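Chain by chain, the residues run as shown.
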Amino acid sequence: MGFNLRIQEPNGDYQDATTQEKIRVRLFLQGDEKNPEEVRIELDSEADLFFYYQHIATRVNFREIKTKQQLQIDFGQYANVCVKSFMKCEKDSQHYYVMLTIDKDLTGILQIVQTSEYKDIEMIAFDFQSASEEGIRQQITFKYGALKSKLSLMDGRLQDINELIRIKNPSLLLQIQKSAAGRSSPRKRKY
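Residues numbered from 1 in each chain as written. Predicted model: local features only at pLDDT ≥ 70, side-chain atom pairs only at ≥ 80, totals over all residues. Heavy atoms only, no water.

On to the overall build of the chain. On a plain count of helices and strands, the chain comes out with 4 helices and 9 strands. Mapped in sequence order, the helices and strands of the chain form the string β-β-β-β-β-β-α-α-β-β-β-α-α. Going through the 191 residues of the chain one by one, you find that 29% of them count as buried. Sequence separation of 24 or more characterises 41% of the internal contacts of the chain that already satisfy a separation of 6 or more. (Helix = DSSP H or I, 4+ residues; strand = E, 2+ residues; numbered from the N terminus. Buried < 20%, exposed > 50% of the residue type's maximum accessible area, 1.4 Å probe, protein only. Contact = heavy atoms within 4.5 Å.)

Residues Leu27, Leu29, Val83 and Met87 make up a contiguous nonpolar surface patch of about 280 Å² in total accessible area. Residue assignment for the nonpolar patch shows that the elements contributing at least two residues are β4 (24-31) and α2 (75-91). Relative to the elements of secondary structure, leucine 27 occurs in strand β4. (Patch = residues over 30% accessible without salt bridge, like charges linked within 9 Å, V, L, I, M, F, W, Y side chains within 5 Å. Areas by Shrake-Rupley, 256 points an atom, 1.4 Å probe, with all protein chains shown as cover. Salt bridge = Lys/Arg side-chain N within 4 Å of Asp/Glu carboxyl O.)

The terminal C-alpha atoms of α2, which comprises 17 residues, lie 25 Å apart, in line with the 24 Å expected from a rise of 1.5 Å per residue. Listing the buried residues of α2 in full gives Phe75, Tyr78, Ala79, Cys82, Ser85, Phe86 and Cys89. One side of α2 holds all its buried residues, which, seen down the axis, span an arc of 130°. Exposed and oriented more than 90 degrees from the buried face of α2 are Lys84 and Lys91. (Expected span 1.5 Å × (residues − 1). Arc of directions from axis to C-beta.)

All right, on to the nonpolar core then. Generally speaking, a soluble globular protein has its nonpolar side chains buried in company with each other. Among the nonpolar cores identified, the biggest contains 26 residues, and Leu43, Tyr78, Leu110, Ile112 and Phe126 are the most heavily contacted of them. When contributions to this core are tallied by element, the ones reaching two or more residues are β5 (36-44), β6 (52-58), α1 (59-69), α2, β7 (96-102), β8 (107-115) and β9 (120-130). With 6 residues, α2 is the single largest residue contributor to this core. (Core = buried A, V, L, I, M, F, W, Y, C linked by side-chain atoms within 4.5 Å.)

This next bit is on the pairing of β5. Along any regular strand the residues' side chains alternate between the sheet's two faces. Buried residues dominate β5, accounting for 7 of its 9 residues. Alignment of β4 against β5, held across 8 bridges, turns out to be antiparallel. Bridge pairing in β5 links leucine 29 to valine 39. Taking the residues that link successive antiparallel strands as the turn, the β4-β5 hairpin has 4 residues. (Pairing = 2+ DSSP bridges.)

On to the packing of helix α3 (residues 133-168) against helix α4 (residues 170-182). Where α3 contacts α4, the axes come no closer than 5 Å and their chain directions differ by 130°. The angle between α3 and α4 places the two elements in the oblique class. For the pair formed by α3 and α4, the contact residues are Asn162, Ile165, Arg166, Ile167 and Lys168 on the first element and Pro170, Leu172, Leu173 and Ile176 on the second. Of the residues in the contact of α3 with α4, the class split is 6 nonpolar, 1 polar and 2 charged. (Axes fitted to C-alpha atoms, helices over the stretch in contact; angles between N-to-C directions. Parallel < 35°, antiparallel > 145°, perpendicular 65-115°, else oblique. Nonpolar A, V, L, I, M, F, W, Y, C, P; charged D, E, K, R; others polar.)

A few words on the packing of aromatic side chains. Here the structure, examined in full by the defined rule, presents 6 aromatic pairs. Grouping aromatic residues by their ring pairs yields a cluster made of Phe62, Phe75, Tyr78, Phe86 and Phe126. (Phe/Tyr/Trp six-rings, centres within 6.5 Å; stacked < 30°, edge-to-face > 60°.)

To continue, consider unusual backbone geometry. Positive phi is not limited to glycine here, since glutamine 70 has a value of about 55°. As for its placement among the helices and strands, glutamine 70 is situated in the loop between α1 and α2. Despite not being glycine, leucine 106 has its phi angle at roughly 65°, a positive value. Residue position: leucine 106 is located in the loop between β7 and β8.

The next subject is the pattern of salt bridges. Counted under the stated rule, the structure contains 8 salt bridges. Between arginine 40 and glutamate 42 there is a salt bridge, with the nearest N and O atoms lying 3.0 Å from each other. Taking the relative accessible area as the measure of exposure, glutamate 42 reaches 4% and is therefore buried. The closest approach of N and O atoms between arginine 137 and glutamate 134, which form a salt bridge, is 2.5 Å. Here the residue arginine 137 and the residue glutamate 134 both occupy positions in helix α3, the gap between them amounting to 3 residues, near one helical turn. Given a relative accessible area of 47%, arginine 137 falls into the partly exposed group. Taking relative accessible area as the criterion, glutamate 134 reaches 39% and is therefore assigned partly exposed. Salt bridges here are not isolated pairs; linked through shared partners, they connect Arg26, Glu38, Arg40 and Glu42.

Read these as layout, nothing more, since geometry by itself doesn't imply function.
Now the structure itself:
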């Protein structure tokens, strides 16, 4: 999902990003789906491994969120409202957008904004905190493991395809190997 990103400079001014940042949004529930104990929203970016923010809502702090946001829902409906809000931004980018403002203290506010002919209206906002160093380290480790697993699967597929080509058309495999040898690659593969 594309986000409009604002970052607070050391002097207190905000710098608007000139392009939309691709940020992944994930929502997790702890407990029963209809009656969760905790709703957690995570933001991360493939472009920046150290970008990892969390919004955590529990039954206790939801009262404050509800009052601050003037929400007319109870905690059991909060996760659905979050999902619907993000889906509106994704499906109707002409009328909704996401603005993430990050302060120099590594806190952030994510606003879902509806645009109208005359003004922008904030529909809902979420307070975010940067994850701890340990949380960021775990996230990077998870991403590395996932990429390593994906690479292993792709290497296996490539080996299967090469074997099929070797059986069906050995001369084509030789041409592919010569072509691949002509290119410089960061790692060698055995075909």
